[in-house]
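So the chains spell out like this:
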Amino acid sequence: MNTFSDSVDTALHLLISFDPQLWVIVGRSLAVSATACAIGYGLGVLLGATLAVGRFRGRGTVLVVLNTLLALPSVVVGLVVYLLLSRTGPLGFLGWLFSFKAMVLAQVILVLPVVAALTRQVVEDVERQHGEQWSSLGAGTLLRSLLLAWDERMALVTIFVTAFGRAVSEVGAVMIVGGNIDGFTRVMTTAIALETSKGDLPLALALGLVLLAVVGLLNLLVALLRRQAEGTRAAGPVLAGGL
């Protein structure tokens, strides 16, 4: 018997039959990543838009640090969060270690730099074009940054999708701070690693197919949003010329 073909057949059966164990893991994984992205996205957009518009001493250093954090290894984030939430750590009193909240916190730290850096670039580009107009109308730094961010809302939606893809495909941090506990903190990526090591290839493959489908749908959504945004920008000059 072919191990690969058997694993594929069993994996497809698990998907089609809506295996409870499989879909509970998928639901928990999506819940963790969605919660982390909602928090990290809100903070990241505010930080990135403020950095794009604001001018202050040390801004260059902040930008260097922010860009460096884009390549922050997930296992390092997991280690730092583990130390913070451990019983002897400064946040040990929260009792979050090996819980849903710990995994959300780790993923927030991972996605926040991504959102902030991409938002800063988007808002800074539009600031060069329209920033002086808002300044002449008396808009302060915070108000101007929010208005410019809203003007590029389609790009910000793309950033959210990108951040979610980063979170849902992460394995190192959630493995460390969540503990991969069955029924509590086991998510798609950690389950794939565990089931593969145990030799349960069908379940691992089924989870891999779901994860691949999620990432593929996210990339498709990003492509559609970019095409729509480019079409809107291209139609603007045409309409202006017609008027």
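A. Here's a closer look at the overall build of the protein chain. A tally of helices and strands in the protein chain yields 10 helices and zero strands. Seen in sequence order, the protein chain has helices and strands lined up from the N terminus as α-α-α-α-α-α-α-α-α-α. Of all 243 residues assigned to the protein chain, the portion counted as buried reaches 42%. Sequence separation of 24 or more characterises 74% of the internal contacts of the protein chain that already satisfy a separation of 6 or more.

B. How the structure looks around a nonpolar patch on the surface. Together, V75, V76, V80 and L84 make up an exposed nonpolar region whose accessible area comes to about 280 Å². With respect to the secondary-structure elements, V76 resides in helix α4 (residues 74–85). Looking at V76, the relative accessible area reads 37%, which means it is partly exposed.

C. A look at the nonpolar core. In terms of nonpolar packing, the biggest core is built from 38 residues, with L22, V123, M188 and L207 touching the most fellow members. Listed by contribution, the elements that provide at least two residues to this core are α1 (3–16), α2 (20–53), α5 (100–136), α6 (141–151), α7 (153–168), α9 (188–198) and α10 (201–242). If sequence neighbours within four positions are ignored, V123 has contacts with A49, A52, V53, S145, L148 and A149.

D. Unusual backbone geometry, seen in detail. In the Ramachandran plot, F18 falls in the positive-phi region, its phi being about 50° despite a non-glycine side chain. Of note, F18 is situated in the loop between α1 and α2. One non-glycine residue, N180, adopts positive backbone phi at about 55°. Within the secondary structure layout, N180 lies in the loop between α8 (172–178) and α9.

E. Representation of the pattern of salt bridges in the model. This model, assessed by the stated rule, comprises four salt bridges. Ionic pairing is found between E124 and R120, a salt bridge with its closest N-O pair at 2.9 Å. In this pair, E124 and R120 are both assigned in helix α5, four residues apart and thus about one turn of the helix distant. Residue R186 is joined to D182 by a salt bridge in which the shortest nitrogen-to-oxygen separation is 3.7 Å. Residue class for R186 comes out buried when judged on its relative accessible area of 10%. The network of salt bridges with shared partners includes R59, R120 and E124.

F. Focus on the packing of aromatic side chains. Summed over the entire model, instances satisfying the criterion amount to three aromatic pairs. Relative to F160, the ring of Y41 lies with its centre 5.1 Å away and its plane at 90°, an arrangement referred to as edge-to-face. Residue Y41 is located in helix α2, and its partner F160 is located in helix α7; the two are separated by 119 residues in the primary sequence. The exposure class of F160 is partly exposed, given its relative accessible area of 29%.

G. Structural context of empty space enclosed by the protein. For the structure on display, the rule yields one cavity of 30 Å³ or more. Lining the largest cavity, in full, are S29, V32, S33, Q107, A167, V168, E170, V187 and T189. Elements with a minimum of two residues in the lining of the largest cavity: α2 and α7. The element contributing the most residues to the lining of the largest cavity is α2, with three residues. Of the residues assigned to the lining of the largest cavity, the class counts are four nonpolar, four polar and one charged.

H. Fine view of helix α3 (residues 59–69). Taken together, the buried positions of α3 are R59, L63 and L66. Taken end-on, α3 shows its buried residues confined to a sector of 65°, consistent with a single buried face. Every exposed residue of α3 that faces more than 90 degrees away from the buried side is listed here: T61, V64 and T68.

What counts and what doesn't
Residues numbered from 1 in each chain as written. Predicted model: local features only at pLDDT ≥ 70, side-chain atom pairs only at ≥ 80, totals over all residues. Heavy atoms only, no water. Helix = DSSP H or I, 4+ residues; strand = E, 2+ residues; numbered from the N terminus. Buried < 20%, exposed > 50% of the residue type's maximum accessible area, 1.4 Å probe, protein only. Contact = heavy atoms within 4.5 Å. Patch = residues over 30% accessible without salt bridge, like charges linked within 9 Å, V, L, I, M, F, W, Y side chains within 5 Å. Areas by Shrake-Rupley, 256 points an atom, 1.4 Å probe, with all protein chains shown as cover. Salt bridge = Lys/Arg side-chain N within 4 Å of Asp/Glu carboxyl O. Core = buried A, V, L, I, M, F, W, Y, C linked by side-chain atoms within 4.5 Å. Phe/Tyr/Trp six-rings, centres within 6.5 Å; stacked < 30°, edge-to-face > 60°. 1 Å grid on protein atoms, 1.4 Å probe; cavity = no way out; pocket = protein on both sides within 12 Å on 5 of 7 lines; lining within 4 Å. Points joined across faces, edges and corners; volume = space filled by probe spheres on them. Nonpolar A, V, L, I, M, F, W, Y, C, P; charged D, E, K, R; others polar. Arc of directions from axis to C-beta.

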